[in-house]
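Examination of the molecular architecture
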Amino acid sequence: MNYLAIVVFILAGPVSACCMVPRDYPGDVDQSAQRVVVVHRAPEGDKPGYEEMIIRVQPFFQGSEANPATMTWVVTVPSKPLRYDQASVEALDAGPEFQKKLFQLARDQWANKTGFEWPEWLSWMSARDSAVDEAKAAGAIEEDKLVTVGPYNITPVRAKGAEAVQALNDYLGQRGFPKEDPAHLQYFIDNEFTFLCINVTPPQGQTALGRELELPPLVIGFETPEPYYPGKFSSRQGNFKLDLTVITDSPLNTQSVGELRKRMNAKNYGYVQLVNLFSVQALPETLTSALSERVTTREKQRWYVNRIESEGFNDASEGGIAAWETDVFFKVGTIHDEIPGFWYYGDQEISWYERLVREHAMAFFVTMGMLFFLSLYIKVRINRKRAAAEKAA
């Protein structure tokens, strides 16, 4: 089976760094969108960080009336994969639906609280944290055994040693992949990434792929200290759309999220970007059905959910992905990166009294405090006038 995969790769012709079709196919392939759900457990004690990623690409063929017999694409991961599986579209949908639910709760809870704003002359007090918001030559190629998951035949490949870049480029080129800029490949070599060479086969009983592929979501599990999305190797993929949901057991660093949102040209919903929306409930069963216990076992009280939606972030005229120095890693934050204030309580079940306090306590105490100091000021003025009158008499 391994030799069969190699033959398939040799017959493939380059179209982009991610997706490609056989050399004798007169058309080409492109992607309209990617949908991804990342579930990550942060390192704790001797336990390394671990991630399971559900990823679905949406390729389509053009330039020919016929469809190709195969297609291949490359996915990069920061360590050797430990798990492969196939997920349902419903499991993939459950990620962004989870975020939508928490986002709506946050909007409702914000709207229900007493309206209160700092006076303009006190704006400096609330602005102090604004900076935080925004070929196998000389053993250089190591190839693991072929893994078959649904319609996918996956061959993990790693490169190492002084000749790694040239060896990996030769390996990819001989198997139909486009040769990459050595400087671009060097990043993945230096950081010991694994390249997943994925061959897509037609459904049983068919000899060719469909015009627009309805591929099942692919699950990949691997160890990583920080949540990861494979974006950098897609520099030749075109300006595709992205829907990325990141679910973690620790809050993400607010500044890191802001920087990646800007880099990936994320959509903005509302004036304020809500980072690290949390849930105290278990993850949706539809989602966990595609994941392993290693990532879903509940050890911490909260799950933090962040989402990036982009209409495209690979505009060549503006540099695009080719200008990135690093791939997409989200830094893990601390408790200080949680949503500030006590108005947001996510999907916790709370009493009417606690809800009253959360919604109105800040406005009540600030108002009472200001009234106290105002009355104290008036009292002092009255006492001074009285003392001056008595002295004059």
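Report on the accompanying structure. Model, not experiment: these values are computed from the prediction.

Describing the pattern of salt bridges
Working definition: two side chains of opposite charge can pair if their charged atoms are close together. One pass over the structure, following the stated rule, counts 15 salt bridges. For Glu311, the salt bridge goes to Lys267, with nearest N and O atoms at 3.0 Å. One end of the pair, Glu311, is in the loop between β15 (303–310) and β16 (328–329); the other, Lys267, is in the loop between α7 (254–263) and β14 (277–279), with 44 residues separating them in the sequence. For Lys267, a relative accessible area of 32% corresponds to the partly exposed category. Glu338 serves as the salt-bridge partner of Arg302, at 2.8 Å between the closest nitrogen and oxygen. One end of the pair, Arg302, is in the loop between α9 (293–296) and β15; the other, Glu338, is in the loop between β16 and α10 (352–392), and 36 residues separate them in sequence. Taking relative accessible area as the criterion, Glu338 reaches 19% and is therefore assigned buried.

Description of the nonpolar core
Ranked by size, the top nonpolar core spans 58 residues in total, and within it Ile220, Tyr229, Leu244, Met264 and Phe330 carry the most contacts. Every residue in contact with Leu244, bar those within four places of it in the chain, is listed here: Val36, Val38, Tyr229, Met264, Asn306, Arg307, Ile308 and Phe330. Of all hydrophobic cores here, the second largest spans 27 residues; its members include Val37, Ile54, Phe278 and Ile339.

Considering helix α2 (residues 89–112)
With 24 residues, α2 extends 35 Å between its outermost C-alpha atoms, agreeing within 8% with the 34 Å of an ideal straight helix rising 1.5 Å per residue. Maximal helix bending in α2 amounts to about 25 degrees, located at Gly95; proline Pro96 follows within four positions.

Considerations on helix α6 (residues 182–190)
Those residues of α6 lying buried are His184, Leu185, Tyr187, Phe188 and Ile189. Looking one or two places after α6, you find Glu192, whose phi comes out positive at around 55 degrees.

Calculation notes
- Residues numbered from 1 in each chain as written.
- Predicted model: local features only at pLDDT ≥ 70, side-chain atom pairs only at ≥ 80, totals over all residues.
- Heavy atoms only, no water.
- Salt bridge = Lys/Arg side-chain N within 4 Å of Asp/Glu carboxyl O.
- Helix = DSSP H or I, 4+ residues; strand = E, 2+ residues; numbered from the N terminus.
- Buried < 20%, exposed > 50% of the residue type's maximum accessible area, 1.4 Å probe, protein only.
- Core = buried A, V, L, I, M, F, W, Y, C linked by side-chain atoms within 4.5 Å.
- Contact = heavy atoms within 4.5 Å.
- Expected span 1.5 Å × (residues − 1).
- Bend = angle between axes of the 7 residues up to and from the residue.

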